[in-house]
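Fold and geometry: a report
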Amino acid sequence: RTFESLVYPVPALYLGVSYTASLVYNLARPVKLPVAIAAPQAPARSGLSRYSTKKHAAALAFAVTLGTGMALRLWRLASSPSWQWDETVYYRVSINMQHGVLAEHTLQGGSGTPFLYQPPFYFLLLSRWFDLTGASIYHARILGVLLVSAMFLVLYQLILTSHGPRVALLTLVPIIFDGWLLY
């Protein structure tokens, strides 16, 4: 069960993102009809090609979209619903690691199996983050927002290099504004 929780999300995320990118790419690309004789293209007058201009426009649109998504994540972050009970568990584990003590405690009424579905070095990262900012669930949520924004930047670059700027933007807009990922 622990092996599945660590290994399964990686290929699932890769397959989900690549399938979505391929689907959007195939829907967004223009259909090229065969042409008997092609007319010569006039050279571009400006220093930027048409593809480069589209790439810059898509990057600007992505930056605005990412900024809006991050603003929605940061809005009322301190008063976000605390129904995520695992936040307090991860907070306590990171506090223990920050002070050099790591003790395993079973939850009241639990089966004795630890509920730790975060990546292995997340607790080290969170404890060092607490060294910089202070230890609170609010600060842990800020780290989460920063990590999510870094993930979106990496995904944008990945899809941009494999499918182009338009597909990258159309793929990531629904993911950035997904309600489950906002809180």
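Residues numbered from 1 in each chain as written. Predicted model: local features only at pLDDT ≥ 70, side-chain atom pairs only at ≥ 80, totals over all residues. Heavy atoms only, no water.

A word on the confidence of the model for the protein chain. Across the protein chain, the average pLDDT comes to 76, with 66% of residues at 70 or higher. The element-level mean pLDDT for the protein chain is lowest in helix α1 (residues 2-7), coming to 57, with helix α6 (residues 137-163) highest at 90. (pLDDT = per-residue confidence, 0-100. Helix = DSSP H or I, 4+ residues; strand = E, 2+ residues; numbered from the N terminus.)

The terminal C-alpha atoms of helix α5 (residues 122-133), which comprises 12 residues, lie 16 Å apart, in line with the 16 Å expected from a rise of 1.5 Å per residue. Listed as buried for α5 are Y122, F123, L126, S127, W129 and F130. Buried residues of α5 fall within an arc of 160 degrees about the axis and therefore sit on the same side. Contacts made by the buried residues of α5 are with α4 (86-98) and α6. Following α5 by one or two positions, G134 adopts a phi angle in the positive range, close to 105 degrees. (Expected span 1.5 Å × (residues − 1). Buried < 20%, exposed > 50% of the residue type's maximum accessible area, 1.4 Å probe, protein only. Arc of directions from axis to C-beta. Contact = heavy atoms within 4.5 Å.)

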